[in-house]
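Residue strings, one per chain:
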Amino acid sequence: MLSLLLNSAKTRIPKFWRLLFVITIAVPQFVSLLLVRNFFADNGIVNTICSNIHLTGFLQDIGLVSTNHIPFLSAPGWAHVMIILINIWVGVPYQMLIATGVLMNIPEDQLESAKMDGAKPFQIFAKITMPYMLFITGPALVTDFVKNINNFNVIYLLTQDVYTTTNQALANSQAQEVDLLVTWLFRLTQDYYNYKMASVIGIVVFVICAVFTLVAFNYMIGGDKEGTYQ
C-alpha cells in the first residue's frame, strides 16, 4: 500500500518520502534499535517530553499508567505494542523498495486493457496488481515471515536490561512476556544451560517455519500461476 501511494501520480515529491524510509536501511539496525531503546527508556527523552506536556499525568488519571513514567519497554502490553511498531518501522522500507520495483514492472498493456474493459481501480488492484505482487514477492514474504519468527535482534536489543518480568510462572521458566521462541532459547542456553528445553524449542521453530513455508509457496506460486505471469 505504501508503494502504491509513493508511485501514485497524485503524490507530490515522492522521492523525498521514499528517502525518509530508505534512511532506516542506511543506518545499521542495531544502532537504530539501541537509540530507540534509550529514547523510550523509563528515564529517556520521550518520557521527559511526555511528562513536560502532562501526557503522563493524563494517562495516570485515566488508569492506563500506574507509575510516574510511561513504561514503553518495561511493562506488558506497552512493550508488545512498542516492539511491533518499531519492528514495522525498521522492516517496512526494505519491502517497500521491493514492492516499488515490482510495481514498475507490471505490464502496462494489462492495466490499459482492464481500464478499457471498464474495470474500476479496486478491481484492477484485486485482480491484477495484488496477485502479481504476491506471485513475484512470495519468496521474499516467506523469508520475512521466517526471519520475524527468529527476530532476535529487535527483542533482545530493545528489552535486554530494560524489561523484567513480574510473572512468577514465566520467571520459573526463565522466560519473559516479550520473548520470542528464539530469545527464550538464547536465554535458556546462555544463562541457564538448559540445552534439553532449548533443543525442543529449536525443533518447534523449525516445524512452524517448514509448515508455513510449504503452505505459502503452494498457495502463492503453485498451479498454473507461473505460466500465467510469464
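This structure is a prediction, so every number in the text was calculated from the model and none was measured.

Visitor: Tell me about a nonpolar patch on the surface, residues and numbers included.
Guide: Together, Leu 35, Phe 39, Ile 45, Ile 49, Ile 53, Leu 55, Phe 58, Ile 62 and Leu 64 give the surface a local cluster of nonpolar side chains, amounting to about 830 Å² of exposed area. Breaking the nonpolar patch down by element, the ones donating at least two residues are helix 3 (29-39), helix 4 (45-52) and helix 5 (55-61). Tracing the chain through its elements places Ile 53 in the loop between helix 4 and helix 5.

Visitor: Just give me the short version of the environment of Thr 24, but keep the residues and values in it.
Guide: As for its position among the elements, Thr 24 is in helix 2 (residues 14-26). Taking the relative accessible area as the measure of exposure, Thr 24 reaches 12% and is therefore buried. For the pair Thr 24 and Leu 35, spaced 11 residues apart in sequence, the C-alpha separation works out to 12 Å. The residues touching Thr 24, leaving out its near neighbours within four places in the chain, are Trp 89 and Pro 93.

Visitor: Requested: an account of the nonpolar core, with residues and values cited.
Guide: With 21 residues, the main nonpolar core has Leu 33, Phe 40, Phe 72 and Leu 158 as its most contacted residues. Going through the elements one at a time, helix 3, helix 4, helix 6 (78-103) and helix 9 (152-159) are the ones with two or more residues in this core. Discounting residues that sit within four places of it in the chain, Leu 33 has contacts with Ile 86, Val 90, Asn 153, Val 154, Leu 157 and Leu 158. Within the second largest apolar cluster, 10 residues are counted, among which are Val 102, Ile 106, Leu 111 and Ile 124.

Visitor: A description of the environment of Tyr 163 should follow, citing residues and the corresponding values.
Guide: With respect to the helices and strands, the residue Tyr 163 is situated in the loop between helix 9 and helix 10 (168-172). Judged by relative accessible area, which is 4%, Tyr 163 ranks as buried. Separated by 87 residues in the primary sequence, Tyr 163 and Pro 76 place their C-alpha atoms 9.0 Å from one another. Among residues more than four places away in sequence, those in contact with Tyr 163 are Leu 73, Ser 74, Ala 75, Pro 76, Ala 79, Gln 176, Glu 177 and Val 178. Separated by 2.8 Å, the side chains of Tyr 163 and Glu 177 make a polar contact.

Scoring rules and cut-offs
- Residues numbered from 1 in each chain as written.
- Predicted model: local features only at pLDDT ≥ 70, side-chain atom pairs only at ≥ 80, totals over all residues.
- Heavy atoms only, no water.
- Patch = residues over 30% accessible without salt bridge, like charges linked within 9 Å, V, L, I, M, F, W, Y side chains within 5 Å.
- Areas by Shrake-Rupley, 256 points an atom, 1.4 Å probe, with all protein chains shown as cover.
- Salt bridge = Lys/Arg side-chain N within 4 Å of Asp/Glu carboxyl O.
- Helix = DSSP H or I, 4+ residues; strand = E, 2+ residues; numbered from the N terminus.
- Buried < 20%, exposed > 50% of the residue type's maximum accessible area, 1.4 Å probe, protein only.
- Contact = heavy atoms within 4.5 Å.
- Core = buried A, V, L, I, M, F, W, Y, C linked by side-chain atoms within 4.5 Å.
- Polar contact = N/O pair within 3.5 Å; in protein donor to acceptor, adjacent residues only side chain to side chain.

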